[in-house]
Amino acid sequence: MIPTWKRTCTMDISATCTLECPKCLRQAYLKKGQKIPGGDMTVNQFDKLSDYFTGFSFCGQISDPIFNPNLIDFLKICKEKKKSASVHTAASHKPEKWWSEAFNANINARWMFGIDGLPYESFLYRKNQDGEKLFNMMLLAKSKGIRCVWQYIVFSYNENHIEEAADLAIKHHLNLRLMASARWDESKKQKTDPLKPKNPKWWIVRPWEK
């Protein structure tokens, strides 16, 4: 039997995202001319599913969870049923009123904000993202007592800004999580991915690539 504290579910609850991050699986589908699979999970579907798990991580692989029109209802259900909840987001295309309502729906939820680098430069990878706006929404969440994580994937353009980001995180009492990546596009034609940091500390080398 699986202990109840381990019955958590990570899910992609939409098929929509306004970002065009070059390493995202979403872009692989689009480059092949294929339709993005999936759709928006309904409130009824999530309500049924919530009876079988103790926690939920809304973390898209081909979408951003903020674009499911029912996300706020999902957060309310988690609160009512005492389920843990975390939301991983990098998109910034929602008005402040929506963000405030989402945070208020469940102040016990944890939010992880994908801002790769200092807020003004994150768009260099997170195409179409307003990093400064998203950073301000993270501060809004923090002001409401929400547990916030600033996810910072290290790329060539931001690897020398880590110390400055750490100072910014300390200033605002944020949890800064530095992330290494394995998604580097390297071939005989293009030996070095321009996004790949110089410091190998921030590379993840998969076994078959050694």
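It should be emphasised that the depicted structure is a prediction, and the values quoted were computed from it without experimental measurement. (Residues numbered from 1 in each chain as written. Predicted model: local features only at pLDDT ≥ 70, side-chain atom pairs only at ≥ 80, totals over all residues. Heavy atoms only, no water.)

We now examine the overall build of the protein. Along the protein, the regular secondary structure elements total six helices and six strands. Helices and strands appear in the protein in the N-to-C order β-α-α-β-α-β-α-β-α-β-α-β. Radius of gyration (C-alpha) of the protein: 18 Å, near the 17 Å computed for a compact globule of 210 residues. Each principal axis of the C-alpha distribution contributes one length, and for the protein these read about 50 × 40 × 35 Å. Contacts spanning at least 24 positions in sequence make up 72% of the contacts within the protein whose residues lie at least 6 apart. Of the roughly 11700 Å² of accessible surface on the protein, a fraction of 53% belongs to carbon and sulfur atoms. (Helix = DSSP H or I, 4+ residues; strand = E, 2+ residues; numbered from the N terminus. Rg over C-alpha atoms; globule rule 2.2 N^0.38 Å. Contact = heavy atoms within 4.5 Å. Areas by Shrake-Rupley, 256 points an atom, 1.4 Å probe, with all protein chains shown as cover.)

Before going further, it helps to examine the sheet that holds strand β1 (residues 8-11). The parallel open sheet is built from six strands, whose spatial order is β1-β2-β3-β4-β5-β6. Single-partner strands in this sheet number two, and they are β1 and β6 (175-179). Pairs of neighbouring strands in the sheet enclose a mean axial angle of 15°, with direction left out of account. When strand β5 (residues 147-153) meets β6, the two strands line up parallel, connected through five bridges. Following the sheet pairing, Val149 is matched in β6 by Asn175. In this fold helix α6 (residues 162-171) packs onto β5 and β6, with an angle of close to 175° to the strand it touches most, β5. (Pairing = 2+ DSSP bridges. Axes fitted to C-alpha atoms, helices over the stretch in contact; angles between N-to-C directions.)

Looking now at the side chain of Asn106. Among the secondary structure elements, Asn106 is positioned in the loop between α4 (96-105) and β4 (110-114). In this view, Asn106 contacts Leu75, Cys78, Lys79, Ala85 and Ile146; residues no more than four positions away in its chain are not counted.

Here Ser63 lies in the loop between β2 (55-59) and α3 (71-80). In this structure the side chain of Ser63 is engaged in a polar contact, spanning 2.4 Å, whose partner is the side chain of Asp12. Excluding residues that lie within four positions of it along the chain, Ser63 makes contacts with Asp12, Ile13, Ser14, Ala15, Thr16, Cys17 and Arg26. (Polar contact = N/O pair within 3.5 Å; in protein donor to acceptor, adjacent residues only side chain to side chain.)

Under the criterion given, the structure shown has five salt bridges. Of the charged contacts in the structure, one is a salt bridge between Asp193 and Lys23, with a shortest N-O distance of 2.2 Å. With a gap of 170 residues between them, Asp193 in the segment after β6 and Lys23 in the loop between β1 and α1 (25-31) connect regions that are remote in the sequence. Accessibility assignment for this pair places Asp193 and Lys23 in one class, buried. Salt-bridge contacts for Asp116 lead to Arg126; the nearest nitrogen and oxygen are separated by 2.7 Å. Of this pair, Asp116 sits in the loop between β4 and α5 (131-143) while Arg126 sits in the loop between β4 and α5, and the two are ten residues apart along the sequence. No difference in accessibility class separates Asp116 from Arg126, as the two residues are buried. By sharing partners, the salt bridges in this structure join Lys23, Asp185 and Asp193 into a single network. (Salt bridge = Lys/Arg side-chain N within 4 Å of Asp/Glu carboxyl O. Buried < 20%, exposed > 50% of the residue type's maximum accessible area, 1.4 Å probe, protein only.)

Only one face of β1 is covered, namely the face carrying Cys9 and Met11; the face carrying Thr8 and Thr10 is uncovered. Bridging between β1 and β2 involves four bridges; their strand directions are parallel. Looking at β2, one finds that Thr8 is bridged to Gly55.

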